[in-house]
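Fold and contact review
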Amino acid sequence: MFAAYFDRPGGPENLYMKEVIKPNPGEGEVLVKVSASALNRADLLQRRGKYPPPKGASDILGLEAAGSVAGLGPGCTGRWKVGDAVMALLSGGGQAQYVTVPEGHLMPIPKDMTFIQAAAIPEAWLTAFQLLHFVGKVQEGEAVLIHAGASGVGTAAIQLVRLAKAVPIVTAGTQEKLKATANAGAAVGFNYKNEDFSEKVLEFTQGSGVDIILDCVGGSYWEKNLNCLRTDGRWIVYGLLSGGEVHGDLLARLLSKRATIHTSLLRSRDKEAS
């Protein structure tokens, strides 16, 4: 089969189509013929040599895909049959003609959804869902600050916050991105490049701050995050785009707010946890 491949870290010009061995489904795995895959920031980082795949994962890019069941490994429970239209959460390997997937990581594609639409759902939407509900335990009426609001996870989170009857507040780097977040349902958005988002958030919330922060930026945002986090708030870190180094008295500030820091990564979880 063919797969998108690169031999050395670098830019997109290093990618090429390579003929590789077609995988065989193992115990409890399903072989999926890929019709569409998606591009995540993790793929870009891996291509640049900054995000190695977890132990045992495919070194082919692609953390989500959509297609049809092409084969079943031993021990499958019978939930899927050859020809079923499915979308898959992957630890890697989606940017290829075929990929093997633990059967529990497959989801049926709704009848009115295309393969291209379905391929963009698993990684982004499951990340956003678990951050909000499993980690953050969002409640009706709470205010949620979503950094990188126009990203895949960000736009999913906006809609999920709305479904939870909470209030989505976002940051983004351009007016075009802020317009896209407003179209997705954001209550308000701030341009972090020319505004102090913490001051704007406090102004919007009439001084009370937000209950939850979904943060994929990390180190450089810590002071502003704590400035606009409500007492007893939850700060959830799921990425470190600005690095993980913190300069300042983070723990004292965190303690003064009685706040909690949670961290979460989806890709590094084992099959059972996923």
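Everything below is about the structure shown above.
Note that the structure is predicted; figures quoted are calculated from it, not measured.

1. Some points on the pairing of strand 11 (residues 210-215)
Counting buried positions over the 6 residues of strand 11 gives 6, a clear majority of the element. Sheet topology note: the strand 8 (residues 143-146)/strand 11 ladder contains 3 bridges and is parallel. Each bridged residue has a counterpart across the sheet, and for Ile-146 the counterpart in strand 11 is Leu-214. Here 5 bridges tie strand 11 to strand 12 (residues 229-237), and the two strands are oriented parallel to one another. Counted as the bridge partner of Ile-213 is Trp-235 from strand 12. The β-α-β motif built from strand 11, the intervening helix 7 (residues 222-228) and the parallel element strand 12 has right-handed crossover chirality.

2. Re the sheet that holds strand 10 (residues 188-191)
Spatially, 10-9-8-11-12-13 is the arrangement adopted by the 6 strands of the open sheet, whose pairing is parallel. On the outer flanks of this sheet lie strand 10 and strand 13 (260-263), each paired with one strand and no other. The mean angle between the axes of side-by-side strands here comes to 20°, regardless of whether they run parallel or antiparallel. Two elements, strand 8 and strand 9 (residues 167-172), share 4 bridges in a ladder whose sense is parallel. Of the residues in strand 9, the one forming a bridge with Ala-143 is Val-167. Strands strand 8, strand 9, strand 10 and strand 11 of the sheet are contacted by helix 6 (residues 197-204), whose axis makes an angle of about 160° with strand 10.

About the cut-offs
Residue positions are given per chain, counting from 1 as you read along its sequence in written order. In keeping with the model being predicted, local features are shown solely for residues with a pLDDT of at least 70 and side-chain atom pairs are shown and tallied solely at 80 or more, while totals for entire chains, interfaces and linings include all residues. To get the side-chain values, take all heavy atoms of the structure and skip hydrogens and water. For every residue, the accessible area (1.4 Å probe, protein chains only) is compared with the maximum for its type, and the residue is labelled buried under 20%, exposed over 50%, or partly exposed between those bounds. Strands are runs of DSSP state E lasting at least 2 residues, helices are runs of H or I lasting at least 4, and numbering of each runs from the N terminus. For two strands to count as paired, DSSP must find a minimum of two bridges between them. For the handedness criterion, the strands are oriented away from the viewer, and a crossover whose path from the first strand over the helix to the second runs clockwise is classed as right-handed. Axes, fitted as lines to C-alpha atoms, cover a helix only where it is in contact. Angles between the N-to-C directions of the axes lie from 0 to 180 degrees. Residues count as neighbours in contact if any of their non-hydrogen atoms are within 4.5 Å of one another.

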